[in-house]
Each structure stands twice: as structure tokens, then as C-alpha cells.
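Each chain, letter by letter, is given below.
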Amino acid sequence: MDLDRLWKNTQEEIKIVLAPAVFNTFIAQTQLIALQHHTATISCPNSYLVDINQKRYYRFFKEALDHQSQLDLTLEFIVQEPIKNQDSLPPPPLFTPSQTSSSPSFRTNLHPSYTFDNFIVGNSNNFAFAAAQGIVKNPGTTYNPFFLWGGVGVGKTHLMQAIGWQLLHHQPNLKVKYFPAETFGNELVAALRTKTINQFKDKYRFADCILVDDIQFIAGKEYIQEEFFHTFNALHLSGRQIILTSDRKPQDIKDLQDRLVSRFTGGLTVDIQPPDLETRTAIIRQKVEESNLNIDPLAIDTLAQSTNSNIRQLEGQLRQLFLQAQSQNLTTISPLFVQSFLNPSSTTNNRQSNSLTPRHLISVCARYFNIKTGDLCGQARQKNLVTARHFTAYLLISELKLPLKEVGHLLGGRDHTSIMHARDKIQSDLSTSPPTQQVIHQIKQLLL
Ligand code: ADP
Ligand code: MG
């Protein structure tokens, strides 16, 4: 079987069902390199593509390849540089930068860490990510303008600037200019006041690529919209790349002139959704890696599940968590630490909620005292076990209102008088001993 031909046909078939940006980014650079024993080996230029093709696009590859080959195949993806002169395209066919003499005052305004490398891809943003990569390959052509929309803190500004950095990486003398639409508006007003409108126009029309953040700002402001319309046209006509972000899609921006809506929707419009569990987990993992701390995988799950907030808030929350861990000289973040971080002031009401069971309480106490549940409820009488038992007995009574007899039963078949002694001991210590107060306070925090 001619593998090259088979693969060409397979790719053509996949191309029909996937968006062009996805196809160009993930599928186009793959190659079928072997077909043996019902296994097809497909090479990708890097491990990122191996991962994403395996996870997300396996089904597309399989359907098309099975159809083309008339076989029922298992696919394996491996990393292998594409063979020269075959699929390895030369560096992207960038548009020619404007030849205007370089202005010393030209500033890109890009944030150093808003790059593709730092951008985590998950279900919520993978389409936008693919589209962004497509633009870097063919700026000023297919996706012009590129309109990126979505809620607060979902990564619009980051992704937009990542495109800017990547364009500069390919072509360092390109004039990439990032600015919030609000800045455009403010500078326009100032230019009108100081009669420097020509300098203002030059400044913006001089760029090879503009990244305009939060364009919804100009809605309802007639004069700013007018000027932006002309800036947009001047750049677009000369094949300059325009990238816009907004909190909603162009059609939904109230009081945005129709002609602007029509310009903005003339290229590619893509949204970023709030981060799903997978994306949040990946973000937490990356931030922990950068922090010199270790984290228990269970703690990552607890954190990722605790919030469905936006990525900016998630980052803020992680910064606080790391600070707390560092201030307590912890090197590893445990699930319990995360729980107490998330619920620092859980109220009595919460603790009495149905979710607190005797079994859970006992296991939290065992973990707190660093002993096995079996030992806590066992017969051995070492000092540390006895102390832990006293605290556990006290909490079973105070938090769950269990009768003495039942507590005795749970803690290894002890009789109710010894449970009563335990309770009274802790109760009297609580009024005099700060360490005892602290232990009870800390365990209660862990109980959610
Ligand atoms: P938006 O412009 O949509 O309000 P930002 O781009 O400012 O959101 O992102 C908010 C914060 O979250 C930034 O610090 C950004 O680096 C981070 N962030 C957003 N999306 C991602 C992502 N996919 N991977 C890593 N960090 C992200
Ligand atoms: Mg933003």
C-alpha cells in the first residue's frame, strides 16, 4: 500500500470535518509512517501534538484512516520530525513589514509572560488556541480580523499577546502593537484637544499588526468608532493583521455601529469558555511546578473541584495558598492543608451537616495525629494513642452528639465511663490550655 497516498487521502477526509485552524495546527503536520499488524504509526513533529492528537482527534484519524484503508486499525502516535522537503514547510510566509523608517518611540506593550509556552490548552480554549496558531502561520490573510471573545479572566489578553510574541519571534522587526481600546479612545480625545490628530493617526496606522483589547469599550462612543473604523480599514486594506478581543461577540455588543459589526465579523470569530475541570487541573499543576513546592495529586483534585471561577481568580487563590504553605514552612501541599485553606472558618452548622460522619471524623483525627485508624480504635495504650483517642472521643460527642456508649463502641469497644473521662478531661483542658484549644480548632477546620 502506498502510505503517502493513503495518508493524503486520509487527511483530505479529516479536513472536511474539522475547522481549518484545527486541521492546520494539529493534523496537517502528521505523517503515516508504518502500517503493520493492524497498527498504524503516525508521526507528529512534537510531543504536544502527539498528546493532543491521541486525546482529542484520535476518533477523526481512525474513522478516516479505517475508511480509506478498509481496515480496522489501532493508531499510535509518535514524535518524529517531518522528513525534509516533504511536509516541513519553510518558516511561515509572513507578510512584509512596512518599510517606514523605524520609529524610536514604537512600543509593542506586550507582557513578557503572555506567551504560547505559558498558555495551557484544554477543552475550554483549544479551538481559540488552534486559531491563534493558524494566524501566526498566515498573518494578514485568512483570519483577518481575528475576533476573540469570552468572559472575564479566561485568557483573551494572554492569547492575543501570545500571537504578538510569536509573530515577533518569526520576524523581529515587525511592528506589533498592543493596546486596550480604551487607550485608543483616550489618546484620540487628547489628540483632538492638542490638535495632534495627524500624529495620532500615524501612530496607529504605522503598525503591521494591532492587538486591540476589550473593543466593547468603544460602543456608544460615536467619534471614537468613526476613527477606529478608518484605522481598521487603512490597516486591513494593506493586509495588516488585526486582532480584537471583547467580552461578547460583535453582534451582541450594544451600540456598536453596524459597519463595525460587519468589519469585525469579516474574518474569524472564536470564543474562549470558562476553564473546565481539565483546564483548571492543568493550570494548578503548572503553577505548582513553578513554585518549588510539591503537591499531593489529591490536593490538586480538591483544589480544581473547589472552584469554577475564572483563571485570574484561580491564579490569585493559588498565590495565597503558596504563601500560606511557605509561611508554615511546608514543602508539600497535602489534601488536608488545601481543605483547611478552602474552609478556614467552617461554622458549626457546616460541621453538623449530613456530610460529617463518625467514620470521616475518626479518619481526620487519625491523619491529624499521624496514626493509623486501626491504632486509634485499637487496644494499644501508648501515650500518643491515648491522647488522640481522648480528642477523638470529645469531638465525636461535641460535633456529632453521639451517645457515650456509641463512641465507646466506635473507639475499640471501650466502656462508656472511660469515654466520659476522656470527654471531661478535654473539656476541662479546653478552658485552661491553649495547646488543647489549638488542636481542637485545627481538627475542626479539617472537618470541612
Ligand atoms: P481576559 O483577558 O480574558 O480577562 P487574561 O488573558 O488577562 O484574561 O487572563 C487572566 C490571567 O489568567 C492571566 O494571568 C493569564 O496569564 C492567565 N491565564 C488565562 N488563560 C490561561 C491559560 N490557558 N493558561 C495559563 N494561564 C492563563
Ligand atoms: Mg483582558
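Only a predicted model underlies this, so the values are computations on that prediction, with no experimental measurement involved.

Digging into the site of ligand 1
What surrounds ligand 1 is a group of 16 residues, the closest being Ile120, Gly153, Thr157, His158 and Glu315. One nitrogen or oxygen atom from the main chain of Gly153 is found 2.7 Å from an oxygen atom belonging to ligand 1. Taking His158, its side chain carries an N or O atom lying 2.7 Å from an oxygen atom of ligand 1. Coverage of ligand 1 by the protein chains reaches 92% of its 560 Å² of free accessible surface. A molecule is said to occupy a pocket when more than half its atoms come within 2 Å of that pocket's grid points, and by this definition ligand 1 occupies the second largest pocket.

Re the layout of surface pockets
Size it by volume and the second largest pocket reaches roughly 640 Å³. Looking at the second largest pocket, it is lined by 27 residues, and the ones nearest its centre are Tyr114, Gly155, His158, Ile311 and Glu315. Elements represented by at least two residues in the lining of the second largest pocket include exactly helix H5 (156–170), helix H10 (277–289) and helix H12 (311–327). Taken together, the residues that form the lining of the second largest pocket break down as seven nonpolar, twelve polar and eight charged.

As for the packing of aromatic side chains
One pass over the full model with this rule turns up 18 aromatic pairs. Taking 5.1 Å as the distance between ring centres and 70° as the angle between the ring planes, the aromatic pair formed by Phe61 and Phe77 counts as edge-to-face. Separated by 16 residues along the polypeptide, Phe61 in helix H3 (residues 47–69) and Phe77 in strand S3 (residues 74–79) bring together distant segments of the chain. Looking at Phe77, the relative accessible area reads 8%, which means it is buried. Ring geometry for Phe228 against Phe264: centres 6.1 Å apart, planes inclined by 75°, an arrangement best described as edge-to-face. Linking Phe228 in helix H8 (residues 222–237) with Phe264 in helix H9 (residues 258–264), this pair joins segments that are 36 residues apart in sequence. This pair shows no difference in class: Phe228 is buried, exactly as Phe264 is.

Here's the deal with unusual backbone geometry
Here the bond from Asn144 into Pro145 is cis, since omega is 0°, no more than 30 degrees from zero. Position of Pro145 among the secondary structure elements: in the loop between helix H4 (126–137) and strand S4 (146–150). Backbone geometry at His37 places phi at a positive 45°, although glycine is not the residue there. Structurally, His37 can be placed in the loop between strand S1 (31–36) and strand S2 (39–44). Notably, Lys195 is not glycine yet its phi reads approximately 55°, a positive angle. Inspection of the secondary structure puts Lys195 in the loop between helix H6 (181–193) and helix H7 (197–205). The class of Lys195 is exposed, set by a relative accessible area of 75%.

Scoring rules and cut-offs
Residues numbered from 1 in each chain as written. Chains lettered and ligands numbered in written order. Predicted model: local features only at pLDDT ≥ 70, side-chain atom pairs only at ≥ 80, totals over all residues. Heavy atoms only, no water. Near = heavy atom within 4 Å. Polar contact = N/O pair within 3.5 Å; in protein donor to acceptor, adjacent residues only side chain to side chain. Areas by Shrake-Rupley, 256 points an atom, 1.4 Å probe, with all protein chains shown as cover. 1 Å grid on protein atoms, 1.4 Å probe; cavity = no way out; pocket = protein on both sides within 12 Å on 5 of 7 lines; lining within 4 Å. Sits in = over half its atoms within 2 Å of the grid points. Points joined across faces, edges and corners; volume = space filled by probe spheres on them. Helix = DSSP H or I, 4+ residues; strand = E, 2+ residues; numbered from the N terminus. Nonpolar A, V, L, I, M, F, W, Y, C, P; charged D, E, K, R; others polar. Phe/Tyr/Trp six-rings, centres within 6.5 Å; stacked < 30°, edge-to-face > 60°. Buried < 20%, exposed > 50% of the residue type's maximum accessible area, 1.4 Å probe, protein only.

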